[in-house]
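As a plain string of letters, each chain reads:
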Amino acid sequence: MNKNTQAIRRFLTTGLQSAVAWAFIATALRTGAGVLLLPLMLRQLPQEEIGMWYLFLAVGGLAALLDLGIAPTATRAAGYLWAGAAQLQAFGRNPEPAALGETPNFQGLRDLIATLRRFYLGLGLVIFLVLFFGGGWWIWLKSESLPSAALIRSAYVAWCLNALAQCTGELWPNLLLGLNEVRKSQQITAASLVIYYGLAAAGLILGGGLWALVLANFAMGITVRLLGRMFVLRKLAPGGDGLGRFRWDYLRTLWPNAWRLAAVSVGAYLILQANTLICSAYLSLKATASYGLTLQLISMLSAISGTWVVVKIPLINQWRAQHREDLVIPLFASRVRLALLTYLLGALAVLFIAPRMLEWIGAKTTLITTGQLSFFLIIRLLETQHSIYAGLVLSENENPFLRPALLSGLAIVCLSLLATPRLGIWGMLLAAGLVQAAYNNWWTVRRGIAGLNVDPARYWGLFFGLMPAP
C-alpha cells in the first residue's frame with residue numbers, strides 16, 4: 001500500500017470518527033437529498049397527489065409546535081445528569097458542581113427516560129388525534145372530488161399513525177445528544193434519511209404513489225427509534241439494568257424552561273419565516289420565488305456554519321454542570337471562529353458563484369438582486385452569531401430570550417407590513433436588519449460572554465488569538 005493510499009485511508013478514518021463530519025453529512029442529506037427526490041415525484045405522481053403530499057407535510061408540520069420545547073430542555077437535563085448532577089433545577093445549575101470524572105447519575109437518567117417516555121406517548125396520542133380529526137377533516141374536503149380520494153385518505157390515516165411513531169421515537173436521539181454522543185446521533189439521522197430516500201425512490205418507481213412516501217417516512221421513524229434506543233441503553237449499561245420510574249417532579253422541573261423555549265421558537269418563526277408570507281401577500285409570485293430560494297440557500301449556509309458549535313453544545317452542557325467555564329471559554333471561542341469563517345467563505349460563494357450556477361443549469365427562478373443579497377447575507381451573519389451565543393446562554397439552564405424574541409418578531413412583522421408595499425423586498429430586509437441590530441445582535445453576545453464569568457477584553461483577546469488559552 002503506497003503512502004497516498006495510506007494517507008487517504010487515515011483521512012477517511014479520522015473523518016468518519018468526527019462528530020462534525022457526521023453533522024455535515026446529516027445536514028447535507030436533510031437539505032439536499034430532497035431536491036434529488038423531487039424530479040422523481042414530479043414524474044411519477046399526478047399533480048393533485050403532489051399537492052396533497054405537500055398538504056400532508058404542512059398539516060404534519062404543525063405537530064412540531066406541540067413539542068412545547070421539551071426536547072432541547074430534556075437534552076440539557078440529560079447532559080447535567082450525565083455530568084453527575086444530583087438533581088435537576090428549573091433554572092440555573094446546582095450550586096455545588098460535580099467533580100470532573102465523577103460517576104454519572106445513572107438512576108436520575110433512567111428516571112428521566114421513564115418520565116419522558118410516558119410524556120412522549122401522551123404527546124404522540126394528542127398529535128395523532130389533532131392530525132386525525134383536525135387535519136383529516138381538511139384532507140377529506142380537499143380530496144372529495146379527486147378520483148384517488150380513497151387512496152389519499154387511507155394514506156393520510158397511515159401518515160397520522162406515522163406521526164405518533166415519530167414523536168415517541170425522537171426521544172432517543174435527543175437523549176444521545178445529552179449524553180454527548182453527537183456522532184452516534186448524527187449517524188442515526190444520516191442512516192434514517194438514506195433509508196427514507198432509498199425506499200421512497202424505489203416505491204415511486206414501482207408505482208406506490210403517496211403510499212411510497214408515507215411508508216418511507218414510517219421506516220425512517222422506526223430506524224431512529226430502534227438505533228437510538230439501542231445506543232442509549234448501551235451507554236447506560238455500566239449503571240445497571242434497573243428500570244427508571246416516572247417522576248412528576250422532573251416534568252415540573254423541565255416545564256418552566258420548556259414553555260419559554262417554545263415561545264421563543266414562535267418568535268424565531270416570526271423573525272425568520274413570516275416575511276415569506278408577507279412577500280407573497282404584497283409582491284408578485286416571481287419575487288416571492290426569488291426571496292424564498294434566497295432564504296433557503298442562506299438558511300442552509302447558516303445551519304452548516306453553526307454545526308461547528310452545535311456538536312460541542314452537549315459537552316459544554318456537561319462542563320456547565322461542573323462549573324468548568326475555564327474549559328468552556330477556549331473551546332467555544334475557537335468554534336465560533338470556525339463558524340464565522342465558514343459563513344464568510346460560504347457567503348462569497350452564494351454571492352459570486354450561486355447566481356452563475358443557477359444561470360448555467362437554466363433555472364427559471366433567480367436569487368434577489370446583488371445589493372439585496374449582500375445585505376441579506378450580512379443580516380444572517382449577525383443572526384447566526386447571536387444564535388450561537390444564545391445556545392451558550394441556554395447551556396446555563398437559563399432562558400432570558402422570551403421577551404426579546406417575541407417583541408422582535410412582532411416588530412419585524414409590523415415594520416414589514418408597512419415597508420414592503422412601498423419598498424418591496426428591501427422593505428422586508430430593512431425591517432429584519434434594523435430590528436435585530438437594535439437589540440438581539442449585540443445584547444445576546446454580551447449576555448453569553450457575561451455568563452462565562454470572564455473579563456470581556458480577555459475573551460475577545462482569546463477569540464482573536466491575541467491571548468493564550470487559560
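Our structure's up above, just so we're on the same page.
Quick caveat: nothing in here was measured; it's all calculated off a predicted structure.

J.: Tell me what's going on with the overall build of the protein, and back it up with residues and numbers.
T.: Across its full length, the protein holds 20 helices and 0 strands. Looking at the 470 residues of the protein, the share that counts as buried comes to 50%. Residue pairs at least 24 apart in sequence account for 81% of intrachain contacts in the protein once pairs closer than 6 positions are excluded. A total of about 22,700 Å² of accessible surface is found on the protein, and carbon and sulfur atoms cover 68% of it.

J.: Give me the packing of aromatic side chains: which residues, what numbers.
T.: Scanning the entire structure with this criterion turns up 18 aromatic pairs. Ring centres 5.0 Å apart and planes at 90° place the aromatic pair Phe132 and Phe133 in the edge-to-face group. Plain terms: the ring middles of Tyr439 and Trp443 are 5.3 Å apart, the flat faces sit at 15° to each other, and that makes the pair stacked. Look at Tyr439 and you get partly exposed, because its relative accessible area is 32%. Among the aromatic residues, those joined into a cluster by ring pairs are Phe332, Tyr389, Tyr459, Trp460, Phe463 and Phe464. The ring of Phe246 has Arg118 sitting right over it, with the charged end atom 4.6 Å from the ring centre. The ring of Phe231 carries Lys184 above its face, with NZ or CZ at 5.7 Å from the centroid.

J.: How would you sum up the nonpolar core? Please name residues and give values.
T.: Core analysis: the biggest nonpolar cluster contains 62 residues, and Phe56 and Leu213 have the highest contact counts within it. Sort the elements by how many residues they give to this core and helix α5 (residues 106-143) lands first, with 12 residues. The residues contacting Leu213, other than those within four sequence positions of it, are Leu37, Met41, Leu45, Trp53, Tyr196, Ala200 and Leu204. The next biggest cluster of nonpolar side chains, apart from the first, holds 23 residues, and it includes Trp319, Ile329, Leu392 and Leu462.

J.: For unusual backbone geometry, give the residues involved together with the corresponding values.
T.: Its identity as a non-glycine residue notwithstanding, Asn397 has a phi of 65°, on the positive side. Inspection of the secondary structure puts Asn397 in the loop between α16 (370-394) and α17 (402-423). In this structure Asn397 comes out as buried when scored by relative accessible area, which is 6%. Despite not being glycine, Asn453 has its phi angle at roughly 55°, a positive value. Structurally, Asn453 can be placed in the loop between α19 (440-450) and α20 (456-463).

J.: Describe the pattern of salt bridges, and please don't skip the residues or the numbers.
T.: Enumeration according to the criterion identifies 9 salt bridges in this entry. A salt bridge links Asp249 to Arg247, with the nearest nitrogen and oxygen atoms 2.8 Å apart. Because the salt bridges share partners, they merge into one network encompassing Arg320, Glu325, Glu396 and Arg447.

J.: Which residues make up the side chain of Thr223, and what values do they have?
T.: Here Thr223 lies in helix α9 (residues 210-236). The exposure class assigned to Thr223 is buried, which follows from its relative accessible area of 12%.

J.: Any details on the packing of helix α4 (residues 70-82) against helix α13 (residues 313-321)? Residues and values, ideally.
T.: Relative orientation of the contacting elements α4 and α13 amounts to 55°, with a least axis distance of 8 Å. Viewed along their axes, α4 and α13 adopt a mutual orientation that is oblique. Read as a crossing pair, α4 and α13 show a hand that is right-handed. Along the contact surface, α4 presents Arg76, Gly79, Tyr80 and Trp82, while α13 presents Asn317, Gln318, Arg320 and Ala321. Classifying every residue of the contact of α4 with α13 gives 3 nonpolar, 3 polar and 2 charged.

J.: Lay out helix α7 (residues 171-178) with the relevant residues and their values.
T.: Each α-helix winds once per 3.6 residues, and so residues spaced three or four apart point in a common direction. Among the 8 residues of α7, 6 are classified as buried, and the element is accordingly described as predominantly covered. Turning to α7, its buried residues are Leu171, Trp172, Pro173, Leu175, Leu176 and Gly178. In this fold, the buried residues of α7 make contact with α4, α5, α6 (149-169), α8 (182-205), α9 and α13. Looking one or two residues beyond α7, the residue adopting positive phi is Asn180, at roughly 65°.

J.: Kindly report on a nonpolar patch on the surface, identifying the contributing residues and their values.
T.: On the surface, Leu341, Leu345, Leu348, Phe352, Ile353, Met357 and Trp360 cluster together into a nonpolar patch covering about 800 Å² of accessible area. The element best represented in the nonpolar patch is helix α14 (residues 325-352), accounting for 4 residues. By the secondary structure assignment, Phe352 is in helix α14. Overall, the relative accessible area of 48% leaves Phe352 in the partly exposed class.

J.: Report on the environment of Ala216, specifying residues and quantitative values.
T.: Locating Ala216 in the fold gives a position in helix α9. Overall, the relative accessible area of 1% leaves Ala216 in the buried class. Separated by 16 residues in sequence, Ala216 and Ala200 have C-alpha atoms that sit 5.3 Å apart. In contact with Ala216, other than residues within four places in its own chain, are Tyr196, Leu199 and Ala200.

Rules behind the numbers
- Along each chain, the written sequence defines residue order, and numbers are assigned to residues from 1.
- Restriction of local features to residues with pLDDT of at least 70 applies here, the model being predicted, together with a cutoff of 80 or more for giving and counting side-chain atom pairs; totals for whole chains, interfaces and linings are based on all residues.
- Calculated side-chain values reflect all of the structure's heavy atoms, with hydrogen atoms and water omitted.
- The helix count covers DSSP runs of H or I at least four residues long, the strand count covers runs of E at least two residues long, and both are numbered beginning at the N terminus.
- The cut-offs for exposure are 20% and 50% of the maximum accessible area for each residue type, with area from a 1.4 Å probe on protein chains only; residues under the lower value are buried, those over the upper are exposed, and the others partly exposed.
- In this analysis, two residues are considered to be in contact whenever any of their non-hydrogen atoms come within 4.5 Å of each other.
- Note on areas: Shrake-Rupley with a 1.4 Å probe; residue coverage comes only from the protein chains shown.
- Aromatic contacts are taken between Phe, Tyr and Trp rings whose centres are within 6.5 Å, Trp giving its six-membered ring; a plane angle under 30 degrees counts as stacked, one over 60 as edge-to-face, and the others as tilted.
- The rule is short: NZ of Lys or CZ of Arg within 6 Å of the ring centre and within 35 degrees of the ring normal puts a charge over the ring.
- What is meant by a nonpolar core is a set of buried Ala, Val, Leu, Ile, Met, Phe, Trp, Tyr and Cys residues, joined one to another through side-chain atoms within 4.5 Å.
- For this document, the term salt bridge refers to a Lys or Arg side-chain nitrogen within 4 Å of an Asp or Glu carboxyl oxygen.
- Note on geometry: axes are C-alpha line fits, over the in-contact stretch for helices, and angles between N-to-C directions span 0 to 180 degrees.
- Put simply, angles under 35 degrees are roughly parallel, angles over 145 are roughly antiparallel, angles from 65 to 115 are roughly perpendicular, and the rest are oblique.
- Here a crossing is taken to be left-handed if its near helix is turned anticlockwise relative to the far helix by less than a right angle, and right-handed if that turn runs clockwise.
- All amino acids are sorted into three groups, where Ala, Val, Leu, Ile, Met, Phe, Trp, Tyr, Cys and Pro are nonpolar, Asp, Glu, Lys and Arg are charged, and the leftover types, Gly among them, are polar.
- Patch membership needs two things, relative accessible area over 30% and no salt bridge, and members are linked within 9 Å if like-charged or within 5 Å if nonpolar (Val, Leu, Ile, Met, Phe, Trp, Tyr).

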